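Observations on chain architecture
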Amino acid sequence: MSLINTPWLKSTKNLGNCEEMDKISQLSDELLLKVLQFLPTRTAVSTSILSKRWEFLWMWLPKLEYDNTDQSSSELQRLRAFIHLNLPLHRAPAIEIFRLKFINIPTGIFKPKDIKLWVVIAVSCCVRELSLNLRCMCRATSLPSSLYICKSLVVLNLIGDEISVDVPRTAYLPSLKALLLRRVIYSHLNENSLHRLLSCCPVLEDLVLERWSMDYMGESEIFRTVNVTIPSLRRLALEIPRDVDMDELVVNTPSLKYFKLVTEEDSYSYDFQDMSKLEVADIETTFPDISKFVTSITSVKRLSLCVRVNAEEEEALYSEGIVFNQLENLKLCPCDANWSKLLVRFLENSPNLRELEIDLNDDHKDSCVDPLVCLENQLNYVPECLRSSLETFKWTGIHGSQKEIELVKYIMRNACCLKTATILFQSTTPETEDKRKTMIQELLLSSRSSTTCQLVFD
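Below you will find a few notes about this structure. (Residues numbered from 1 in each chain as written. Predicted model: local features only at pLDDT ≥ 70, side-chain atom pairs only at ≥ 80, totals over all residues. Heavy atoms only, no water.)

With that settled, the discussion passes to the overall build of the protein chain. Helix and strand content of the protein chain: 12 helices and 21 strands. In the form shown here, the protein chain has an accessible surface area of approximately 21600 Å², with 49% of it arising from carbon and sulfur atoms. (Helix = DSSP H or I, 4+ residues; strand = E, 2+ residues; numbered from the N terminus. Areas by Shrake-Rupley, 256 points an atom, 1.4 Å probe, with all protein chains shown as cover.)

Further remarks concern the environment of Leu-76. Here Leu-76 is to be found in helix 4 (residues 73-86). Once you skip the residues sitting within four places of it in the chain, Leu-76 turns out to touch Asn-68, Gln-71, Ile-105, Pro-106, Ile-109 and Phe-110. (Contact = heavy atoms within 4.5 Å.)

The first and last C-alpha atoms of helix 5 (residues 112-124) sit 18 Å apart over 13 residues, in line with the 18 Å expected at 1.5 Å per residue. By the burial criterion, the buried members of helix 5 are Pro-112, Asp-114, Ile-115, Trp-118, Val-119, Ile-121, Ala-122 and Val-123. Looking at the packing, one finds that the buried side of helix 5 touches helix 4, strand 2 (97-103), strand 3 (129-135) and strand 4 (141-142). Within two residues after helix 5, Cys-126 carries a phi angle of roughly 60°, on the positive side. (Expected span 1.5 Å × (residues − 1). Buried < 20%, exposed > 50% of the residue type's maximum accessible area, 1.4 Å probe, protein only.)

The next point concerns the environment of Arg-413. One can find Arg-413 in helix 11 (residues 402-414). Along the chain, Arg-413 and Ser-446 lie 33 residues apart, while their C-alpha atoms are 7.8 Å from each other.

Turning to the packing of helix 11 against helix 12 (residues 433-445), a few remarks are in order. Relative orientation of the contacting elements helix 11 and helix 12 amounts to 20°, with a least axis distance of 10 Å. With respect to helix 12, the axis of helix 11 lies roughly parallel. Our pair here, helix 11 against helix 12, has a crossing hand that is right-handed. Contacts between helix 11 and helix 12 involve Gln-402, Ile-405, Glu-406, Val-408, Lys-409 and Met-412 from the former and Met-439, Glu-442 and Leu-443 from the latter. A breakdown of the residues in the contact of helix 11 with helix 12 according to their chemical character gives five nonpolar, one polar and three charged. (Axes fitted to C-alpha atoms, helices over the stretch in contact; angles between N-to-C directions. Parallel < 35°, antiparallel > 145°, perpendicular 65-115°, else oblique. Left-handed = near helix turned anticlockwise from the far one by under 90°. Nonpolar A, V, L, I, M, F, W, Y, C, P; charged D, E, K, R; others polar.)

Here the focus is the pairing of strand 14 (residues 269-272). Here strand 14 shows one buried face, formed by Tyr-270 and Phe-272, and one open face, formed by Ser-269 and Asp-271. Taken together, the four bridges between strand 12 (residues 248-252) and strand 14 define a ladder with parallel strand orientation. Note that in strand 14 the partner of Leu-249 across the bridge is Tyr-270. (Pairing = 2+ DSSP bridges.)

This brings us to a negative patch on the surface. On the surface, a cluster of negative charge is made up of Glu-239, Asp-243, Glu-264 and Asp-363. Among the secondary structure elements, Glu-264 is positioned in the loop between strand 13 (258-263) and strand 14. (Patch = residues over 30% accessible without salt bridge, like charges linked within 9 Å, V, L, I, M, F, W, Y side chains within 5 Å. Salt bridge = Lys/Arg side-chain N within 4 Å of Asp/Glu carboxyl O. Lys, Arg positive; Asp, Glu negative; His and termini not counted. Charge placed at Lys NZ, Arg CZ, Asp CG, Glu CD.)

Here the focus is the state of the cysteines. The final tally for this structure, using the stated rule, is zero disulfides. For the unlinked cysteine Cys-201, the closest cysteine sulfur is that of Cys-200, found at 4.0 Å. For Cys-417, which is in no disulfide, the shortest distance to another cysteine sulfur is to Cys-416 and amounts to 6.1 Å. (Disulfide = S-S within 2.5 Å.)

The three strands lie next to each other as 10-12-14, forming an open sheet whose pairing is parallel. Each edge of the open sheet is held by one strand with a lone partner, namely strand 10 (225-229) and strand 14. Neighbour to neighbour, the strand axes of the sheet diverge by 5° on average, direction disregarded. The pairing of strand 10 with strand 12 spans five bridges and is parallel. Bridge pairing in strand 12 places Val-228 opposite Val-251.

To continue, consider the sheet that holds strand 6 (residues 163-165). Strand order in this open sheet of three strands is 4-6-8, and the pairing throughout is parallel. Of all the strands in the sheet, the pair left with one neighbour each is strand 4 and strand 8 (185-186).

Tracing the chain through its elements places Ile-283 in strand 15 (residues 280-285). Sequence-wise, Ile-283 and Phe-293 are 10 residues apart; in three dimensions their C-alpha atoms are separated by 9.9 Å. For Ile-283, the residues in contact, after removing those within four places along its chain, are Phe-259, Leu-261, Phe-293, Ser-304, Leu-305 and Cys-306.

With respect to the helices, strands and loops of the structure, Ser-193 is situated in helix 6 (residues 193-199). Polar contacts involving the side chain of Ser-193 include one to the main-chain amide nitrogen of Val-167, which spans 3.3 Å. When sequence neighbours within four positions are dropped, the list of residues in contact with Ser-193 reads Val-165, Asp-166, Val-167, Tyr-186 and Ser-187. (Polar contact = N/O pair within 3.5 Å; in protein donor to acceptor, adjacent residues only side chain to side chain.)

Our next topic: unusual backbone geometry. You will see that Asn-104, though not glycine, has its phi angle at about 55°, which is positive. Among the structural elements, Asn-104 can be located in the loop between strand 2 and helix 5. Phi is positive for Arg-183, which is not a glycine, with a value near 55°.

Judged by side-chain charge, Arg-234, Lys-257, Lys-277 and Lys-301 come together as a positively charged surface patch. Relative to the assigned elements, Lys-301 resides in the loop between helix 7 (291-296) and strand 16 (302-307).

The subject of this paragraph is the side chain of Arg-436. Examined against the element boundaries, Arg-436 turns out to sit in helix 12. Look at Arg-436 and you get buried, because its relative accessible area is 15%. Sequence-distant contacts of Arg-436, that is, excluding residues within four places in its chain, are made with Phe-425, Thr-428 and Asp-458.

Bringing the packing of aromatic side chains into the picture now. A complete count under the given rule lists six aromatic pairs for this structure. With a centroid separation of 5.6 Å and 85° between ring planes, the pair formed by Phe-259 and Phe-272 is classed as edge-to-face. On the criterion of sequence distance, the pair formed by Phe-259 in strand 13 and Phe-272 in strand 14 is long-range, its members being 13 residues apart. Considering the side-chain rings of Phe-324 and Phe-346, the 5.1 Å spacing of their centres and the 45° angle between planes classify their relative orientation as tilted. Taken as a pair, Phe-324 in the loop between strand 16 and strand 17 (329-332) and Phe-346 in helix 8 (residues 339-349) lie far apart in primary sequence, 22 residues in all. On the accessibility criterion, Phe-324 (0% relative accessible area) is buried. Members of the aromatic cluster, connected to one another through ring pairs, are Phe-102, Phe-110 and Trp-118. The cationic tip of Arg-235 hangs over the ring face of Tyr-258; the distance from NZ or CZ to the ring centre is 4.3 Å. (Phe/Tyr/Trp six-rings, centres within 6.5 Å; stacked < 30°, edge-to-face > 60°. Lys NZ or Arg CZ within 6 Å of the ring centre and 35° of its normal.)

Okay, structure coming up:
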């Protein structure tokens, strides 16, 4: 019944013949099951060779995980046969967690009907967490309709272009709180399956949605709007690449506290409605006009922003007069020509800002640009956050141009409460090392409004 042949288990079996040496087998079944839950399923199953006592103990485990990591075709055939034989006979009162991860499987080993059957069994066993990661199996897997009416399901993770989401009209998931949909295929028959799925989850709190060009949602005009209207939602992460075909993104989530948006598309419209409870936002976008969504996130306490608007007009950033009274932590990516204008706006409109970080995203190294504005010339007065609240300033990936140095000097010269200023340079060569040392010396000698400010370099 073992999935693997593990030599050390054979020697353990021999030790088990000596009662005084086999202490673990004297534990109760309940305790042993708790120990087995910390092991990978493959290892837990292999304990069945230890003794008669252990032979079927693993079959009471409430957590089952199967994957094809480091397995040959023949091993995968045995794995398929093993699951077919043992899953229907599993003895646990409920399968709390059921996870399948099959990636780059040779054609013909796992069939869609296999996956469908195993999901049916897990649902019949009152599964609470179901995670499927199916990629490059060569054939799409349609999930059973019973999954979409599972009363016990709390977490559903679907990953991979081998999963077809075809949601029936009777769908209702009364307990589902966390839903992850990453690069799956949506059925476009009769009605938008994504919208139907989101609509049948009355207590959903956490949603991760990653679209891709082949999810077929854009084939019909009626499916070209992604509408996330979920009153109970508290965390939302959306990733929409450039090659996705859609017309509009609607987000109406009045209970939302965390919002992440990564989108490279600028051809569709968007409507971000009530987010009055939002506390954390992580935005990376190429929207040509960010004013509307900036207005929706003014309640945030922490904001990470990477905006590539490619516009020369300052108005393309966001309108004046929008105030971020709750904002304490701001992180900006300096990859766009307008980033320093955006910095000016936030310094003016964030009176309680405590932490400011300029951090160039790893995948934007080639697009780094110097500040366009001199803060001293752009600001007619010292912003309130510099006079009363800013304590931490960090710049990661600085090249060390004179414009950058002047921006750092302005912050230190006017931030009265600054405790730490950290400057992390881009990697230097022997030819640029002397220049780096000169810049460090210039900053060390520059004036600081805060007598306790510590300068840190790397």
